[in-house]
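Observations on chain architecture
These are the residues of each chain, in order.
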Amino acid sequence: MIPGLILRGVGGAYWIHETNGRVTAAKPRGIFRRRRLSPLPGDRVLCSESGDDDFPYTIEEIKPRRNALVRPPVANLERCFITVALADPLPDFELVDKLGIICRIHNIEPLIVWTKTDLAPEALAGHRAQYLATGWPQFAASLEEQPVSCLLAEINGHLVSFAGASGTGKSTLTNALLGEEVMEAGEISEKLGRGRHTTRHVELFRAGEGWICDTPGFSSLELDQLGILPEETILGYPEFEIHASGCRFPGCRHIQEPDCAVRRVVCDHPELNPRYERYILFRELLEAQEPWQLRRRRELLPPPGLPMSTDRF
Ligand SMILES: Nc1nc2c(ncn2[C@@H]2O[C@H](COP(=O)(O)OP(=O)(O)OP(=O)(O)O)[C@@H](O)[C@H]2O)c(=O)[nH]1
Ligand SMILES: [Mg+2]
Ligand SMILES: [Zn+2]
């Protein structure tokens, strides 16, 4: 069996990257369809030779996944650059915090890239300070100064995605990171008869020693639609989570319970307030939903039937 990594899937056809660097077209075995299991970009797979010239490989097996997202449809993401523009569009901190929650739930490490710093340089310090206590790495990017080598160092050996509002510079940064690698992918596209600028589908690109995928921007992202449970909100707020063990009640929601260690810390550090207020907003919004509905939505989301894994690339 031939091991490979799925770079892209379109209409039931997949591109498989082999360890020797070659990319080969493949179709999955019928059993996947019958089990309603779709191979995804980012999946590590085992293939056999099919004897078909157009699709020389058959995907026989999908290796256990670290995670599988629905939007973007990609498996095994390890890190996520959350892009936030300082202006045009103005920062949407609710979106940033929601992405942080989703990342932590799926075992993805969030990093923040503040973009378009040329448009509002004076705003950068305040925004950075808001997220300092999260411990998430933060970077700044402008058209003149793109933090290419810093970002490549974070991608090193990992599968990484961009995520953020439309117009925050995800594609601009992806292009800067890929440099000549895009040309390589372009040649493959021509061979497989696909244009190189179709960006409607998720595709993994080699960036340095890792893999990166550009994604379409979010228009809206609702935590309840993703089936996130109220008690999971805290996962997106590591700066509060670390204090939760000091609360008097084990099930403390950190809203108005007596002797809450989280509220105490927020009182002492007013700079934590904006994030704390969004924590309460999301927590109360999710508490207002029917728990069974949230669980059901969650069950419908990840492709079923595969155990999770923490293997690295
Ligand atoms: N002034 C300034 N403009 C930028 C910067 N980065 C990107 N832009 C511009 O902002 C616009 C949007 O950038 P994209 O890279 O397409 O944004 P995106 O996040 O990929 O947007 P979607 O694909 O719609 O989600 C383009 O016109 C870029 O040239 C920057 O650092 N400073
Ligand atoms: Mg884009
Ligand atoms: Zn508490």
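A brief look at the structure comes next. From a predicted model like this one, the values you see are computed outputs, not experimental measurements.

Quick word on the overall build of the protein
Helices and strands together make up the secondary structure of the protein, namely ten helices and 13 strands. Looking at the 313 residues of the protein, the share that counts as buried comes to 50%. Counting only contacts in the protein whose residues sit at least 6 apart along the sequence, the fraction spanning at least 24 positions is 72%. Carbon and sulfur atoms make up 52% of the accessible area of the protein, which totals about 15300 Å².

Some thoughts on the environment of Tyr131
With respect to the helices, strands and loops of the structure, Tyr131 is situated in helix α3 (residues 124–132). As a C-alpha pair, Tyr131 and Glu239 span 108 residues in sequence and 9.1 Å in three-dimensional space. In contact with Tyr131, not counting residues within four places along its chain, are Phe93, Val96, Asp97, Ile112, Trp114, Trp136, Gln138, Arg275 and Arg278.

With respect to the sheet that holds strand β1 (residues 2–10)
The mixed closed barrel is built from five strands, whose spatial order is β1-β2-β3-β5-β4. Between one strand axis and the next, the sheet turns through 55° on average, direction left out of account.

Some thoughts on the site of ligand 1
Residues in contact with ligand 1 amount to 15 residues; listed here are only the nearest, Asp118, Ser166, Gly167, Lys170 and Thr172. Thr168 is positioned such that a nitrogen or oxygen atom in its backbone is 3.2 Å from an oxygen atom of ligand 1. Within the side chain of Lys170, a nitrogen or oxygen atom sits 2.7 Å from an oxygen atom of ligand 1. Notes on ligand 1: free accessible area 660 Å², of which the protein chains cover 67%. Here the residues of the shell around ligand 1 are counted per class, giving four nonpolar, eight polar and three charged.

Let's talk about unusual backbone geometry
Residues Asp88 and Pro89 are joined by a peptide bond in cis, for which omega reads 5°. The topology assignment puts Pro89 in the loop between β8 (79–85) and α2 (93–105). For Asn107, which is not glycine, the phi dihedral falls at a positive 65°. With respect to the secondary-structure elements, Asn107 resides in the loop between α2 and β9 (109–115).

Side note on helix α8 (residues 261–268)
Of the positions making up α8, those classed as buried are Ala261, Val262, Val265 and Val266. Summarising the axial view, the buried residues of α8 lie within an arc of 140°, below the 170-degree limit, and thus occupy one face. Facing away from the buried side of α8 by over 90 degrees, the exposed positions are Cys267 and Asp268. Tucked inside the fold, the buried residues of α8 contact α7 (238–241) and α9 (273–287).

Description of the packing of aromatic side chains
On inspection of all chains with the given rule, the structure shows ten aromatic pairs. Between Tyr237 and Tyr279, the ring centres sit 5.7 Å apart and the planes meet at 80°, which makes this aromatic pair edge-to-face. Of the two residues, Tyr237 sits in the loop between β13 (210–213) and α7 while Tyr279 sits in helix α9, which places them 42 residues apart along the sequence. With a centroid separation of 6.2 Å and 20° between ring planes, the pair formed by Tyr276 and Tyr279 is classed as stacked.

Points about the environment of Arg283
Following the sequence through the fold, Arg283 ends up in helix α9. The class of Arg283 is buried, set by a relative accessible area of 8%. Separated by 52 residues in the primary sequence, Arg283 and Glu231 place their C-alpha atoms 7.4 Å from one another. Discounting chain neighbours no more than four positions away, the residues touching Arg283 are Pro230, Glu231, Thr233, Arg253 and Ile255.

Quick notes on the pairing of strand β4 (residues 44–49)
Summarising burial for β4: five of the six residues are buried, a large majority. Bridge analysis of β1 against β4 gives four bridges, and the strand direction is antiparallel. The residue of β4 that forms the bridge with Gly4 is Val45. Of the pairings in the sheet, the one linking β4 to strand β5 (residues 57–62) comprises five bridges and is antiparallel in character. Within β5, the residue paired with Val45 across the bridge is Ile62.

Cut-offs used in this document
Residues numbered from 1 in each chain as written. Chains lettered and ligands numbered in written order. Predicted model: local features only at pLDDT ≥ 70, side-chain atom pairs only at ≥ 80, totals over all residues. Heavy atoms only, no water. Helix = DSSP H or I, 4+ residues; strand = E, 2+ residues; numbered from the N terminus. Buried < 20%, exposed > 50% of the residue type's maximum accessible area, 1.4 Å probe, protein only. Contact = heavy atoms within 4.5 Å. Areas by Shrake-Rupley, 256 points an atom, 1.4 Å probe, with all protein chains shown as cover. Pairing = 2+ DSSP bridges. Axes fitted to C-alpha atoms, helices over the stretch in contact; angles between N-to-C directions. Near = heavy atom within 4 Å. Polar contact = N/O pair within 3.5 Å; in protein donor to acceptor, adjacent residues only side chain to side chain. Nonpolar A, V, L, I, M, F, W, Y, C, P; charged D, E, K, R; others polar. Arc of directions from axis to C-beta. Phe/Tyr/Trp six-rings, centres within 6.5 Å; stacked < 30°, edge-to-face > 60°.

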